[in-house]
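Chain by chain, the residues run as shown.
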Amino acid sequence: MSLRWQAALLDPSLPGGWVVVHCRQQFLLDDNGALFPRDWLKRLELPVLSEQGLGHFDGQPVFLFELEFPADVPGARWQGLRQFMQGDDRDLFQLLGYATQIGTWASQHRFCGSCGSPMQARVGERAMYCPACGVQHYPRLSPSMIVLVTRGDELLLARSPRFAPGVYSTLAGYVEPGESVEKCVAREVREEVGVSIHAPQYVASQGWPFPHSLMLGFHAEYAGGEIVPQPEEIEDARWFPIDNLPALPARQSIARYLIELYLARRLGRPEPVLPG
Ligand SMILES: NC(=O)c1ccc[n+]([C@@H]2O[C@H](COP(=O)([O-])OP(=O)(O)OC[C@H]3O[C@@H](n4cnc5c(N)ncnc54)[C@H](O)[C@@H]3O)[C@@H](O)[C@H]2O)c1
Ligand SMILES: [Mg+2]
Ligand SMILES: [Zn+2]
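Quick caveat, the model's predicted, so the values are computed rather than measured.

What counts as what
- Residues numbered from 1 in each chain as written.
- Chains lettered and ligands numbered in written order.
- Predicted model: local features only at pLDDT ≥ 70, side-chain atom pairs only at ≥ 80, totals over all residues.
- Heavy atoms only, no water.
- Helix = DSSP H or I, 4+ residues; strand = E, 2+ residues; numbered from the N terminus.
- Buried < 20%, exposed > 50% of the residue type's maximum accessible area, 1.4 Å probe, protein only.
- Contact = heavy atoms within 4.5 Å.
- Areas by Shrake-Rupley, 256 points an atom, 1.4 Å probe, with all protein chains shown as cover.
- Lys, Arg positive; Asp, Glu negative; His and termini not counted.
- Charge placed at Lys NZ, Arg CZ, Asp CG, Glu CD.
- Pairing = 2+ DSSP bridges.
- Donors = N, O, S within 2.8 Å, 3.2 Å for Na, K, Ca; no water.
- Tetrahedral: all angles 85-135°; square planar, octahedral: opposite > 155°, others 65-115°.
- Phe/Tyr/Trp six-rings, centres within 6.5 Å; stacked < 30°, edge-to-face > 60°.
- UniProt positions renumbered as here; feature names shortened; annotations may be inferred.
- Near = heavy atom within 4 Å.
- Polar contact = N/O pair within 3.5 Å; in protein donor to acceptor, adjacent residues only side chain to side chain.
- Nonpolar A, V, L, I, M, F, W, Y, C, P; charged D, E, K, R; others polar.
- Salt bridge = Lys/Arg side-chain N within 4 Å of Asp/Glu carboxyl O.

**Focus: the overall build of the protein**
The helix and strand inventory of the protein stands at 5 helices and 17 strands. Out of the 276 residues in the protein, the part that is buried amounts to 48%. A separation threshold of at least 6 residues defines the contact pool for the protein, and within that pool the share at least 24 residues apart is 63%. Accessible area for the protein stands at about 14,100 Å²; split by element, carbon and sulfur atoms hold 51% of it. Averaging the positions of the 24 positive and the 31 negative side-chain charges in the protein gives two centres separated by 1 Å.

**Some words on the pairing of strand S11 (residues 142-151)**
Among the 10 residues in S11, 8 count as buried, and that is most of the element. As paired elements, S11 and strand S16 (residues 213-224) share 9 bridges and run parallel to each other. By the bridge assignment, proline 143 is partnered in S16 with leucine 214. Pairing geometry for S11 and strand S13 (residues 171-174), over 4 bridges, is antiparallel. Bridge pairing links valine 147 to leucine 171 in S13. Where S11 meets strand S12 (residues 154-159), 3 bridges bridge the pair, whose relative direction is antiparallel. Bridge pairing links arginine 151 to glutamate 154 in S12. Connecting S11 to the antiparallel partner S12 that follows it, the hairpin turn spans 2 residues, and glycine 152 within it adopts a positive phi of roughly 65°.

**Concerning the coordination of the zinc ion (ligand 3)**
For the zinc ion (ligand 3), the protein coordination sphere consists of Cys112 (SG), Cys115 (SG), Cys130 (SG) and Cys133 (SG), at 2.3 to 2.4 Å. Coordination at the zinc ion (ligand 3) comes from 4 donor atoms whose angles at the metal span 101 to 116°, giving a geometry best classed as tetrahedral. Donor residues binding the zinc ion (ligand 3) come from one chain and are separated in sequence as C-x2-C-x14-C-x2-C. Placement of cysteine 112 in the loop between helix H3 (90-108) and strand S8 (120-121) and of cysteine 130 in the loop between strand S9 (128-129) and strand S10 (136-137) is noted, with a sequence separation of 18 residues between them. For the pair formed by cysteine 112 and cysteine 130, the shared burial category is buried.

**Topic: the packing of aromatic side chains**
Tallied over the full model, the rule gives 7 aromatic pairs. On the basis of an interplanar angle of 20° and a centroid distance of 6.4 Å, the ring pair of phenylalanine 93 and phenylalanine 210 is categorised as stacked. Placement of phenylalanine 93 in helix H3 and of phenylalanine 210 in the loop between strand S15 (201-208) and S16 is noted, with a sequence separation of 117 residues between them. For phenylalanine 210, a relative accessible area of 12% gives the class buried. An angle of 90° between the planes, with centres 5.2 Å apart, marks the rings of tyrosine 222 and tryptophan 239 as edge-to-face. With tyrosine 222 in strand S16 and tryptophan 239 in strand S17 (residues 236-241), this pair connects stretches of sequence that are 17 residues apart. Per residue, the accessibility class of tyrosine 222 equals that of tryptophan 239, and both read buried.

**Quick notes on the UniProt feature "domain: Nudix hydrolase" (unreviewed entry) in the protein**
Mapped onto the present numbering, the UniProt feature "domain: Nudix hydrolase" (unreviewed entry) falls on residues 139-262. The span residues 139-262 is 18% helix and 39% strand, and its two end C-alpha atoms sit 33 Å from each other.

**Description of the coordination of the magnesium ion (ligand 2)**
Within the protein, the atoms that donate to the magnesium ion (ligand 2) are Ala172 (O) and Glu192 (OE), at distances of 2.2 Å. One end of the pair, alanine 172, is in strand S13; the other, glutamate 192, is in helix H4 (residues 181-193), with 20 residues separating them in the sequence. Residue classification places alanine 172 among the partly exposed positions, given a relative accessible area of 30%.

**Points about the site of ligand 1**
The full set close to ligand 1 counts 19 residues, and Tyr174, Glu192, Trp208, Ser213 and Ala255 are the nearest of them. Here serine 142 contributes a side-chain N or O atom positioned 3.3 Å from a nitrogen atom of ligand 1. Here ligand 1, which alone exposes 850 Å², has 67% of that area covered by the protein. Mapped onto the shell around ligand 1, the elements with two or more residues apiece are S11, S13, H4, S15, S16 and helix H5 (254-267). Among the residues making up the shell around ligand 1, the classes are represented as 8 nonpolar, 6 polar and 5 charged.

**Details of the pattern of salt bridges**
Overall, the coordinates contain 16 salt bridges when judged by the stated rule. For glutamate 51, the salt bridge identified is with lysine 42, shortest N-O distance 3.6 Å. Put simply, arginine 256 and glutamate 260 hold a salt bridge, and the shortest N to O gap is 2.7 Å. Taken together, the residues span about one helical turn, with arginine 256 and glutamate 260 both in helix H5 at a distance of 4 residues. Across the pair, glutamate 260 and arginine 256 agree in class, each one buried. When salt bridges that share partners are traced, they join Glu176, Glu179, Arg187, Glu188 and Glu191 into one network.

Okay, structure coming up:
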């Protein structure tokens, strides 16, 4: 858990504090970082769709400007959330991941999906409310499972066509309505690689802001079947021996954690710590 970053409800009508500026999974950045003095940035008249109070970073209040388009600000540039993830400052990534999810949700709930009226931010809770018909929306979270399938000293890892060249990862997928997470694990493994597994064991979870997933991490032992990669979704899938693994996902990901944890337990090494 981050000690420097704490989410909180802050009233955007209060002056002062810092602001992060988000648009389409990118943040404004200058030589001082991604936090800007809020009163100074307000004077630039940016195309702000929504302003939200996010919480405290190093004890200071932090707000969010969610922009309609990535406007030019003199002396500043835009940087993607993934690059912040790969940077050194994990606490900053926690703050920006939260800001991404709140900003995306706020900008996509400006109008009521039931009656089309403008929505209002609720006072005292993180919710958007339709005064015309009473519909209320909370920040969107999509439960997703992620699973490391193993067969003794072999790991089943797969490549999506979206991955960086050479990188293989654990299998992941969204939970469907009416489905338990355990059922989802078995279904996604069957669909994506065609193999069956024994009962999956829950390991750990991670909030994942690409775009709003709650990753529920599992380990499962292989039960049967040959690998058949799902067309379009899975470019390649293989059994990798633990002493000959391919390039792996980012250190901050639960995918990497599930792999490192299995290796640590199998090889009697110290166990890794899940970031975030
Ligand atoms: N943190 C990690 O280590 C890690 C690793 C791998 C994947 N993930 C995340 O897991 C999530 C799911 O993985 P995936 O992309 O393999 O999913 P998936 O296998 O279910 O396939 C993705 C497809 O699901 C559909 N979809 C998109 N959003 C959906 C939603 N909210 N509910 C239902 N279906 C939806 C779309 O058709 C999309 O192309 C993604 O958010 C991904 O970023 C995280
Ligand atoms: Mg998938
Ligand atoms: Zn409405």
